[in-house]
Amino acid sequence: MTTVLQVGDRTISSDDLFSLLTHYELLPQLIREIIVDRAIEPFTCYPDECIVALQEFYGTHNIMTEPELQTWLERSHLNLEELRYKLERRVRIRKFQEATWGPDVKSYFLKRKASLDQVIFSMISVPEKELAMNLYFQLQKGGRDFAELAAQYNQETFVSLNGLVGPIALGQLDPILRQRLNLGRVGQLWVPTRVKHQFVIVRLEKRIEVQLTDTLRQQLLQELYKSWLEKQLEMAKLRSLSSQQLVAA
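As for the packing of helix H2 (residues 27-40) against helix H5 (residues 80-101)
At step 1: Viewed as axis vectors pointing N to C, H2 and H5 meet at an angle of 65°, and their least axial separation amounts to 9 Å. In terms of axis orientation, H2 runs roughly perpendicular to H5. Seen along the crossing, H2 lies across H5 with a hand that is left-handed. Listed contacts from H5 to Glu33, Val36, Asp37, Ala39 and Ile40 of H2 are Tyr85, Arg89, Arg92, Ile93 and Phe96.
At step 2: Grouping the constituent residues of the contact of H2 with H5 by class yields 6 nonpolar, no polar and 4 charged.

Let's talk about the packing of aromatic side chains
At step 1: For the coordinates displayed, the defined rule picks out 10 aromatic pairs.
At step 2: In textbook terms, an aromatic cluster arises when at least three aromatic residues are bridged by ring pairs, as seen for Phe43, Phe96, Trp101, Tyr225 and Trp228.

Here's the deal with the sheet that holds strand S5 (residues 193-195)
At step 1: On the basis of which strands lie adjacent, the open sheet formed by 4 strands has the order S4-S3-S6-S5 and antiparallel pairing. The open sheet has two edge strands with one neighbour each: strand S4 (164-169) and S5. Pairwise comparison of adjacent strand axes, ignoring direction, gives a mean angle of 50° for this sheet.
At step 2: Pairing geometry for strand S3 (residues 118-126) and S4, over 4 bridges, is antiparallel. Looking at the pairing, phenylalanine 121 lines up with valine 165 of S4.
At step 3: Across the sheet, helix H7 (residues 129-141) touches S3 and strand S6 (198-208), and the angle it forms with S6 is around 40°.
At step 4: Running at roughly 40° to S6, helix H9 (residues 175-183) makes contact with S3, S5 and S6 of the sheet.

A short note on the pattern of salt bridges
At step 1: The final tally for this structure, using the stated rule, is 11 salt bridges.
At step 2: With a closest N to O distance of 3.0 Å, arginine 89 and aspartate 37 form a salt bridge. On the criterion of sequence distance, the pair formed by arginine 89 in helix H5 and aspartate 37 in helix H2 is long-range, its members being 52 residues apart.
At step 3: The class for arginine 89 is buried, based on a relative accessible area of 12%.
At step 4: Accessibility expressed as a relative area gives 32% for aspartate 37, which makes it partly exposed.
At step 5: Arginine 203 is paired through a salt bridge with glutamate 205; the nearest N and O atoms lie 2.7 Å apart.
At step 6: Judged by its relative accessible area of 25%, arginine 203 is partly exposed.
At step 7: Bridged by salt links that share partners, the residues Glu33, Asp37 and Arg89 form one connected network.

Notes on the nonpolar core
At step 1: In terms of nonpolar packing, the biggest core is built from 19 residues, with Leu220 and Tyr225 touching the most fellow members.
At step 2: Elements that contribute at least two residues to this core include exactly H2, H5, helix H6 (105-116) and helix H10 (214-248).
At step 3: Counting residues per element, this core draws most heavily on H10, which supplies 7 residues.
At step 4: The next biggest cluster of nonpolar side chains, apart from the first, holds 15 residues, and it includes Val119, Ile168, Leu170 and Val202.

Quick look at unusual backbone geometry
At step 1: In this structure, the amide linkage connecting glycine 166 to the following residue, proline 167, adopts the cis form with an omega of 5°.
At step 2: Mapped onto the fold, proline 167 is located in strand S4.
At step 3: We note that asparagine 62 has phi near 55°; this positive angle belongs to a residue other than glycine.
At step 4: Within the secondary structure, asparagine 62 is located in the loop between helix H3 (47-60) and helix H4 (66-75).
At step 5: Classification of asparagine 62 by relative accessible area gives exposed; the value is 57%.

Brief notes about the environment of alanine 114
At step 1: For alanine 114, the location among the structural elements is in helix H6.
At step 2: The spacing of alanine 114 and alanine 169 is 55 residues in sequence and 8.9 Å in space, taken between C-alpha atoms.

Topic: H7
At step 1: Here H7 spans 18 Å end to end across 13 residues, near enough to the 18 Å set by a 1.5 Å rise per residue.
At step 2: Here H7 has its buried residues at Ala132, Leu135, Tyr136 and Leu139. Along H7, the residues classed as buried sweep out an arc of 105° about the axis, all on the same side. For H7, the exposed residues lying more than 90 degrees away from the buried face are Glu130 and Lys141.
At step 3: Immediately beyond the C-terminal end of H7, within one or two residues, lies glycine 142, with a positive phi of roughly 80°.

Here is what the cut-offs are and how they apply
- Residues numbered from 1 in each chain as written.
- Predicted model: local features only at pLDDT ≥ 70, side-chain atom pairs only at ≥ 80, totals over all residues.
- Heavy atoms only, no water.
- Axes fitted to C-alpha atoms, helices over the stretch in contact; angles between N-to-C directions.
- Helix = DSSP H or I, 4+ residues; strand = E, 2+ residues; numbered from the N terminus.
- Parallel < 35°, antiparallel > 145°, perpendicular 65-115°, else oblique.
- Left-handed = near helix turned anticlockwise from the far one by under 90°.
- Contact = heavy atoms within 4.5 Å.
- Nonpolar A, V, L, I, M, F, W, Y, C, P; charged D, E, K, R; others polar.
- Phe/Tyr/Trp six-rings, centres within 6.5 Å; stacked < 30°, edge-to-face > 60°.
- Pairing = 2+ DSSP bridges.
- Salt bridge = Lys/Arg side-chain N within 4 Å of Asp/Glu carboxyl O.
- Buried < 20%, exposed > 50% of the residue type's maximum accessible area, 1.4 Å probe, protein only.
- Core = buried A, V, L, I, M, F, W, Y, C linked by side-chain atoms within 4.5 Å.
- Expected span 1.5 Å × (residues − 1).
- Arc of directions from axis to C-beta.

Here's what the structure looks like:
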């Protein structure tokens, strides 16, 4: 066995290291980083790009002085070179994402648009069907204000006091609500329907069509990247299992 690490008075061999990585569930993370390193190998972070990345980091973390930087580094258990390496690696990952999926982002956006579009709606959620129907008829006849009834009866914590929800992406909603709000017209009031353990009354207030902004484009690239990485990890696990079975045989 080969010694690969010395921690205090403990000598850790290559076999021990593999066992520790597996025991503390660090092996998948190590495999993930190896996969990423291989993927970004052809891409370079040029000096001007590295400077911009460092400046963006300073702005994000509100670092204005050298002492503030040192404090952040100490708190994060990093030195400046390690920080620069992380930032440069991030730039190279973005380049890999752009080169791999950049040409396909628009078509991916169009596929995802139905779930990315946002809505604002009014909602009352109560546990009893009879109460829900009663409130629905009051709203339908115009005798009571939605916000007033929501403030009095609504039991969902994520709904505002006046019953408004959103803006929220359709893809984040329960499938039943998503279907109704996606197909409905502004101002439409739906008959109460059961959603999980509650009876819900909703009225569509506004529909917001999402646009492919630079921010959303980066988000979609990140989604495609994560999906690819998960598939690569799964393939690595399958190869590892096959190798273990061959050795056992």
